[in-house]
Amino acid sequence: MLTAGDLEVNVLEFRQRSFQFQRLATVGGREIALFSRTETETESQFRPKLIHLHLIVPVEWVVRDEPNDVLLLARDGVTLPVRLTEQVVEVGAERSEFDEQGIAFRRAPGPSGSFVYAPTEFLDPWLAAGAYASLGLS
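Residues numbered from 1 in each chain as written. Predicted model: local features only at pLDDT ≥ 70, side-chain atom pairs only at ≥ 80, totals over all residues. Heavy atoms only, no water.

Time to look at the overall build of the protein. Scanning the protein from N- to C-terminus turns up three helices and nine strands. The linear arrangement of helices and strands in the protein, starting from the amino end, is α-β-β-β-β-β-β-β-β-β-α-α. With 138 residues in all, the protein has 43% of them scored as buried. Intrachain contacts of the protein at a sequence separation of at least 6 include 47% that bridge at least 24 residues. (Helix = DSSP H or I, 4+ residues; strand = E, 2+ residues; numbered from the N terminus. Buried < 20%, exposed > 50% of the residue type's maximum accessible area, 1.4 Å probe, protein only. Contact = heavy atoms within 4.5 Å.)

What follows deals with the nonpolar core. Leu 7, Phe 14, Phe 35, Leu 55, Ile 56 and Val 62 are the most contacted members of the largest nonpolar core, which totals 37 residues. If sequence neighbours within four positions are ignored, Leu 55 has contacts with Leu 12, Phe 14, Phe 19, Ala 33, Leu 34, Phe 35, Phe 105 and Tyr 117. (Core = buried A, V, L, I, M, F, W, Y, C linked by side-chain atoms within 4.5 Å.)

Take the side chain of His 54 next. Assignment of secondary structure puts His 54 in strand β4 (residues 50–58). With sequence-adjacent residues up to four places away left out, His 54 is seen in contact with Leu 34, Phe 35, Ser 36, Ser 114, Phe 115, Val 116, Tyr 117 and Leu 137.

Once that is clear, we can look at the pattern of salt bridges. Side chains that differ in charge, positive against negative, can pair when their charged atoms come close. Applying the stated criterion to the full structure yields seven salt bridges. The partner of Arg 64 in a salt bridge is Asp 69, and the shortest N-O contact between them spans 2.7 Å. Assessed through its relative accessible area of 33%, Arg 64 is described here as partly exposed. Given a relative accessible area of 45%, Asp 69 falls into the partly exposed group. Glu 121 serves as the salt-bridge partner of Arg 75, at 2.6 Å between the closest nitrogen and oxygen. Of the two residues, Arg 75 is situated in the loop between β6 (70–73) and β7 (97–100) and Glu 121 in the loop between β9 (115–119) and α2 (123–126); the sequence distance between them amounts to 46 residues. With relative accessibility at 40%, the residue Arg 75 sits in the partly exposed group. In the salt-bridge network here, residues are joined through shared partners; they are Arg 17, Arg 37 and Glu 39. (Salt bridge = Lys/Arg side-chain N within 4 Å of Asp/Glu carboxyl O.)

This next bit is on the packing of aromatic side chains. Summed over the entire model, instances satisfying the criterion amount to nine aromatic pairs. Between Trp 61 and Phe 122, the aromatic rings sit 5.9 Å apart at their centres with planes inclined by 50°, giving tilted as the arrangement. Residue Trp 61 is located in the loop between β4 and β5 (62–65), and its partner Phe 122 is located in the loop between β9 and α2; the two are separated by 61 residues in the primary sequence. Residue classification places Trp 61 among the buried residues on the basis of a relative accessible area of 3%. Both rings, one in Phe 98 and one in Tyr 117, keep their centres 5.9 Å apart while their planes meet at 70°; by these two values the pair is edge-to-face. Residue Phe 98 is located in strand β7, and its partner Tyr 117 is located in strand β9; the two are separated by 19 residues in the primary sequence. (Phe/Tyr/Trp six-rings, centres within 6.5 Å; stacked < 30°, edge-to-face > 60°.)

Our focus in this paragraph is the pairing of β9. Counting buried residues along β9, four of its five residues qualify, which places the element largely inside the surrounding structure. Where β4 lies against β9, three bridges are found, and the strand directions are parallel. Among the inter-strand pairings, His 54 is bridged to a residue of β9, identified as Val 116. Once strand β8 (residues 103–109) ends, the chain turns through five residues before running back antiparallel as β9, passing Ser 112 with a positive phi of about 55°. (Pairing = 2+ DSSP bridges.)

Shown next, in the form of structure tokens:
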């Protein structure tokens with residue numbers, strides 16, 4: 001399992017985007033890692049808004065792909081997944097439920113107009129208002 005130091009110096013590739021490590025937290029008795037990204041809502045608007053994306057995953061699912069110097073997700077915490085190249089779509093246009101690296105995820109509205117990605121199997125404890133506060137997302 002990677003340490004907080006390992007997570008801080010690498011980016012996690014998720015949905016063809018790079019997410020930066022923010023912090024570790026314990027929610028529902030499980031240690032999770034919070035990654036974040038800020039991007040523009042859409043380049044086609046005259047004054048696009050910034051949107052904040054947060055990804056929460058069990059810390060033991062994060063693996064380092066050393067040859068490519070990137071973090072990826074693997075349910076077993078060991079096996080590097082096959083990296084597929086897909087077309088990137090704007091957050092507002094993507095499906096709210098999807099599979100990423102063999103794991104089912106859901107995108108949900110978060111606090112202050114942000115979006116939170118979480119594995120569907122952990123939605124109830126992790127997307128509750130109290131969990132947002134413990135993650136520092138309130």
